[in-house]
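Chain by chain, the residues run as shown.
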Amino acid sequence: SPENNMAAPGFFTTLSNGARMPTIGLGTWKAGKGEVQKAVYEAIKIGYRHIDCACDYGNEQEVGEGIKSALSDGLVKREDLWVTSKLWCTFLAKEHVELACRKTLSDLGLDYVDLYIIHFPISLKFVPIEKRYPPEWIHDPDVPELNKMIPVDVPMSETWAAMEDIHAKGLAKNIGVSNFGGSLLIDLLKYCKVKPVVNQVEIHPHLVQKQLEDFCKWKGITITGFSPLGARSYSWLPGDVQKSVLEEPIILEIAKKHGKSPAQICIKWQVQRGFTLVPKSCNPGRMAENLDVFGFELTEEEMQKINSIDKNRRYNDPGEFTKGMGMEYGYAIHC
């Protein structure tokens, strides 16, 4: 039952500022229109207390409808739900951060988000909300010479000061970052007044990110892992690249030993590293399975075996995918 799950050790992760974040959230990236409202409602019914969304996913209104139905049916109280959203790249200038956050709140039908994070450390030319929303990567697909990414120079210090502002106003209870590497965090930590509590990054057994894990532990930043099951979300990649972590012999062997699914093993491996994570599913059976990882433990040897299948393989890499968007060299934030 949801109550039993919530009482399980590990269901919550305590952040550096004392906030309690539910360890496993429902990811909503690539959750299609028409299915995401139902998925969010079902997830809350099953016992999820953390929903991960973003302006860029283009489905925050439907996520909001799912949350609203769950609240009005008495499945959950607002204060027991953790909702994360993300500031898109076109809104990084100081005068646009609050605008973007308020648009997200209006779409979600909420007064505040529990966590607001900078989606990528990439600043792009502003696109007015009434012109196109979500603005995505390309500046203006309808004008040939603007049908590309247009980067602009907004220092991270400017964006972060505006993030601290919306935090002070109570629009975001917690603030953090996403897709940040160690160098960028080192710099941010030197001038921030409010520390980022979370760094959401791609993590799965083919991208272990051990150094980033160590750095974030040292600095008291909790990692949220996205794409925790590997390549499933990246259907456009070539087949050989997509070899699923769920088919790795080591994962299959450990899953068999525990009587669990390969997905549950991948999720548990992250939970035991002290991470939060946001597996995406719209299938109620799979959602329930992804949440049901608090009743067993992986041994230290099993954890090390999983670490050993690291390929340093990143699927969500702007250094690669932006090359088709007028960026000759890509936008290599992970080098």
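So, how was this worked out
Residues numbered from 1 in each chain as written. Predicted model: local features only at pLDDT ≥ 70, side-chain atom pairs only at ≥ 80, totals over all residues. Heavy atoms only, no water. Helix = DSSP H or I, 4+ residues; strand = E, 2+ residues; numbered from the N terminus. Phe/Tyr/Trp six-rings, centres within 6.5 Å; stacked < 30°, edge-to-face > 60°. Buried < 20%, exposed > 50% of the residue type's maximum accessible area, 1.4 Å probe, protein only. Contact = heavy atoms within 4.5 Å. Core = buried A, V, L, I, M, F, W, Y, C linked by side-chain atoms within 4.5 Å.

## Considerations on unusual backbone geometry
Move 1: In the segment running from Tyr-133 into Pro-134, the intervening peptide bond is cis, with an omega of -5°.
Move 2: The topology assignment puts Pro-134 in the loop between strand E6 (115-118) and helix H5 (156-168).
Move 3: Look at Glu-136: it is not a glycine, yet its phi comes out positive at around 60°.
Move 4: In this structure, Glu-136 sits in the loop between E6 and H5.
Move 5: One non-glycine residue with positive phi stands out, namely Asn-312, at about 50°.
Move 6: For Asn-312, the location among the structural elements is in the loop between helix H11 (300-307) and helix H12 (318-321).

## Quick look at the packing of aromatic side chains
Move 1: For the structure shown, the criterion picks out nine aromatic pairs.
Move 2: Judged by centre distance (6.1 Å) and plane angle (90°), the rings of Trp-88 and Phe-120 are edge-to-face. With Trp-88 in the loop between strand E5 (82-87) and helix H4 (94-108) and Phe-120 in the loop between E6 and H5, this pair connects stretches of sequence that are 32 residues apart.
Move 3: What makes Trp-88 buried here is its relative accessible area of 0%.
Move 4: Ring centres of Trp-137 and Phe-321 lie 5.3 Å apart, and the angle between their planes is 65°; this geometry places the pair in the edge-to-face category. Separated by 184 residues along the polypeptide, Trp-137 in the loop between E6 and H5 and Phe-321 in helix H12 bring together distant segments of the chain.

## Digging into helix H9 (residues 262-272)
Move 1: A large share of H9 lies buried, amounting to nine of its eleven residues.
Move 2: By the burial criterion, the buried members of H9 are Ala-263, Gln-264, Ile-265, Cys-266, Ile-267, Lys-268, Trp-269, Gln-270 and Val-271.
Move 3: Buried residues in H9 make contact with strand E9 (222-226), helix H8 (249-258), strand E10 (276-277), helix H10 (284-291) and H11.
Move 4: One or two residues past the end of H9 sits Gly-274, with phi positive at roughly 85°.

## Some remarks on the side chain of Thr-159
Move 1: Position of Thr-159 relative to the elements: it lies in helix H5.
Move 2: Setting aside residues no more than four positions away along its own chain, Thr-159 makes contact with Leu-87, Leu-92, Val-97, Ile-118 and Val-154.

## A short note on the nonpolar core
Move 1: One finds Ile-24, Leu-87, Tyr-116, Ile-118, Trp-137 and Met-163 to be the most contacted residues of the largest nonpolar core, which totals 90 residues.
Move 2: Residues within four places of Ile-118 in sequence aside, it is in contact with Leu-87, Leu-92, Met-156, Thr-159, Trp-160, Met-163, Gly-176, Val-177, Ser-178 and Phe-180.
Move 3: Counting eight residues, the second largest nonpolar core, distinct from the first, contains Met-21, Trp-82, Ile-117 and Val-197.

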